[in-house]
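# Descriptive structure summary
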Amino acid sequence: MMVGLVDCNNFYVSCERLFQPQLRGRPVVVLSNNDGCAVARSEEAKQLGVKMGAPWHLHRAAWKQAGVTVRSSNYALYGDLSNRVMSILRMLTPGIEVYSIDEAFIDFGGMGGREEQVARELRATILQWTGIPVSIGIVPTKTLAKVANRSAKKVPVSGGVRVLLTDEVQQQVLSKLEVEDIWGVATRLGRRLRALGIATAADMRNAAPEALRKEGGVVLERIGRELRGERCLQLDDATRSAKSIMASRSFGRPVTERSELEQAVASFVSRAAEKLRRQHLTAGTVTTFIHTSPFRPTDRQYGASALVRLCVASSNTPKLIQAALQALREIYRPGFRYVKAGILLDAFEPAGEEQTHLWAGGDSENERGLMATMDRVNRIWGRGTLNMAACGVRNGWSMRAEHLSPRYTTRWQDLLHVA
DNA sequence: TCTGGGGTCCTAGGACCC
DNA sequence: TCTGGGGTCCTAGGACCC
């Protein structure tokens, strides 16, 4: 089984260059929303030492001096070009999981050794049809695909495609990779791993899974196994709906008044609610969060969030705003200089208005169906609203129903017992 | 003066139960 | 001196991703 990772090179910069060819060959930086910091850099800018996330206001002068061209981001454009790249992949490959705006995992199974050839054709087609250069890494697991892709970018002779098949080649590439450069390992986990003497990706591949689990839980164990070529993360081509929808903004200046936070929160909610409705989803809870600036170490720091559960799931803006403001009242403390606030909706597909029953299918020894149904019940109708469980059997059907006390209605075990 | 915004998944620990 | 033990459920927050 082979998986490929297609990644657009310096995606936002590549998009800008499509419409401004004079930017080719020059150092270019694309800035985040409020022109806050660098979110994309051309190769030339990287070579000048421009770091990801570097705040513009601190480097403005230096970048200008070095001849760096700066662009504000244009997400509508990037989204459009992303869709074009993804449709080409969807058209020309057997399976695709869109992972982010500029990346997709591809099912490269069943190609019997032609993977590299296919990848090169894919790459050429995308370049020709969209003008966006991509890199492709091909290997047995997703985590290795990230490594291979990186290698495809770094090694010029690879021509943008890298296949890492044998243990020897994998070992060789991994031994040159710092542990923090592994997908899923960043500063914190890196620090803990180094304390154990694990400094490179090769060290991690050779580490005992039990040791990794002890240090960083199942997540770290999975990464280690994936580096060995053991598949733990599946290609997920289901088009899942969003599980949460967030809206937040930095204020750009300190805010202290509650009323100002209330206005901001209300506008966040209406943005998120619009998004929610556009995706035909509904929300069961609203979380509001606020915090002070970690970049002002002399300020007293405070951050908090609170979750409010709706009685009935809703995508109605006023109702959601009401909940968000209630949450804000719980966490607001006067006397702090807030620089950021936001709200989070938990999103899911609504039951039809007429729907009064949810059914779990499956055989009697399989509890998963029931658990999944309970999950839906909890999210759609809220906790404590279910008051009956029934078990139906087809073919010579029989049925029994019992009332449950609200306290227990969310526990699938209790329902299983009744059923 | 000015440091993004939008996500996912996992887990520690408190509340509660018998 | 020492204050049960085994369990579930939920949420806030951590860590990571692009």
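A brief look at the structure comes next. (Residues numbered from 1 in each chain as written. Chains lettered and ligands numbered in written order. Predicted model: local features only at pLDDT ≥ 70, side-chain atom pairs only at ≥ 80, totals over all residues. Heavy atoms only, no water.)

## Digging into the environment of Q234
Structurally, Q234 can be placed in the loop between α10 (209–227) and β9 (244–255). Sequence separation of Q234 and E97 is 137 residues, and the distance between their C-alpha atoms is 9.9 Å. With sequence-adjacent residues up to four places away left out, Q234 is seen in contact with E97 and K142. (Helix = DSSP H or I, 4+ residues; strand = E, 2+ residues; numbered from the N terminus. Contact = heavy atoms within 4.5 Å.)

## Considering the protein's contact with DNA strand B
Around DNA strand B, a shell composed of 28 residues is seen, among which R222, S244, M246, S248 and K275 lie nearest. Between DNA strand B and the protein, one listed contact pairs a phosphate oxygen with a backbone N or O atom of S250 at 3.0 Å. Sorting the residues of the surface near DNA strand B by element identifies α10, β9 and α11 (258–278) as the ones contributing at least two each. Sorting elements by how many residues they give to the surface near DNA strand B places β9 first, with 10 residues. A per-class count over the surface near DNA strand B returns 10 nonpolar, nine polar and nine charged. (Near = heavy atom within 4 Å. Polar contact = N/O pair within 3.5 Å; in protein donor to acceptor, adjacent residues only side chain to side chain. Nonpolar A, V, L, I, M, F, W, Y, C, P; charged D, E, K, R; others polar.)

## Some points on the protein's contact with DNA strand C
What surrounds DNA strand C is a group of 20 residues, the closest being S100, K146, G184, R188 and R309. Between DNA strand C and G184, the relevant distance is 2.6 Å, taken from a phosphate oxygen to a main-chain nitrogen or oxygen of the residue. One of the backbone N or O atoms of A186 is found 3.1 Å from a phosphate oxygen in DNA strand C. Going through the elements one at a time, β5 (96–100), α8 (187–195) and β11 (303–314) are the ones with two or more residues in the surface near DNA strand C. The residue makeup of the surface near DNA strand C, split by class, is seven nonpolar, six polar and seven charged.

## Here's the deal with the packing of α11 against helix α12 (residues 317–331)
The contact between α11 and α12 brings their axes to 9 Å, and the two run at 140 degrees. With respect to each other, α11 and α12 are oriented oblique. The two elements α11 and α12 cross, and the hand of that crossing is right-handed. Residues R258, L261, E262, V265, A266, V269, S270, A273, L276 and R277 of α11 lie in contact with α12, whose contacting residues are T317, L320, I321, A324, L325, L328 and R329. (Axes fitted to C-alpha atoms, helices over the stretch in contact; angles between N-to-C directions. Parallel < 35°, antiparallel > 145°, perpendicular 65-115°, else oblique. Left-handed = near helix turned anticlockwise from the far one by under 90°.)

## Observations regarding the sheet that holds strand β6 (residues 103–107)
Ordered by their spatial adjacency, five strands build an open sheet running β5-β6-β1-β7-β8, and the pairing between neighbours is mixed. Whereas interior strands pair on both sides, the edge strands pair on one side only; in this sheet they are β5 and β8 (161–163). Strand-to-strand, the axes of this sheet are offset by a mean angle of 15 degrees, without reference to chain direction. Where strand β1 (residues 3–8) and strand β7 (residues 134–139) come together, six bridges link them in antiparallel fashion. Each residue of the ladder has a partner; that of G4, found in β7, is I138. Sheet strands touched by helix α5 (residues 115–130): β1, β7 and β8. Its angle to β7, the strand with the most contacts, is close to 160 degrees. (Pairing = 2+ DSSP bridges.)

## Section: helix α7 (residues 167–175)
Within α7, the full set of buried residues consists of Q170, V173 and L174. With its buried residues spanning 100 degrees around the axis, α7 presents them on a single face. Looking at the packing, one finds that the buried side of α7 touches α6 (142–154), β8, α9 (201–206) and α10. (Buried < 20%, exposed > 50% of the residue type's maximum accessible area, 1.4 Å probe, protein only. Arc of directions from axis to C-beta.)

## Observations concerning the side chain of S14
Counting through the fold element by element, S14 comes out in helix α1 (residues 11–19). S14 gets classed as buried once you look at its relative accessible area, which sits at 10%. Beyond its immediate stretch of four places on either side in the chain, S14 contacts N9, I132 and P133.

## Notes on the packing of α6 against α10
Two numbers describe how α6 lies on α10: the axes approach to 7 Å, and their chain directions differ by 65 degrees. For the pair α6 and α10, the crossing hand works out as right-handed. Across the interface between the two elements, K142, T143, L144 and V147 of α6 pack against I223, E226 and L227 of α10. Residues that form the contact of α6 with α10 fall into these classes: four nonpolar, one polar and two charged.

## Some points on the sheet that holds β11
The antiparallel open sheet is built from four strands, whose spatial order is β9-β12-β10-β11. Bordering the open sheet on either side are β9 and β11, each of which pairs with just one other strand. For this sheet, the mean inter-axis angle between neighbouring strands, taken without regard to orientation, is 15 degrees. α11 contacts β9, β10 (282–292), β11 and β12 (338–348) of the sheet and is inclined by roughly 155 degrees relative to β9. Running over the sheet, α12 touches β10, β11 and β12 and is turned about 150 degrees from β11.

## Structural notes on a positive patch on the surface
Where like charges cluster on the molecular surface, the positive patch consists of R249, R271, K275 and R278. Looking at which element gives the most residues to the positive patch, the answer is α11, with three residues. By secondary structure assignment, the location of R271 is in helix α11. Among the residues examined, R271 registers a relative accessible area of 35% and is labelled partly exposed. (Patch = residues over 30% accessible without salt bridge, like charges linked within 9 Å, V, L, I, M, F, W, Y side chains within 5 Å. Areas by Shrake-Rupley, 256 points an atom, 1.4 Å probe, with all protein chains shown as cover. Salt bridge = Lys/Arg side-chain N within 4 Å of Asp/Glu carboxyl O. Lys, Arg positive; Asp, Glu negative; His and termini not counted. Charge placed at Lys NZ, Arg CZ, Asp CG, Glu CD.)

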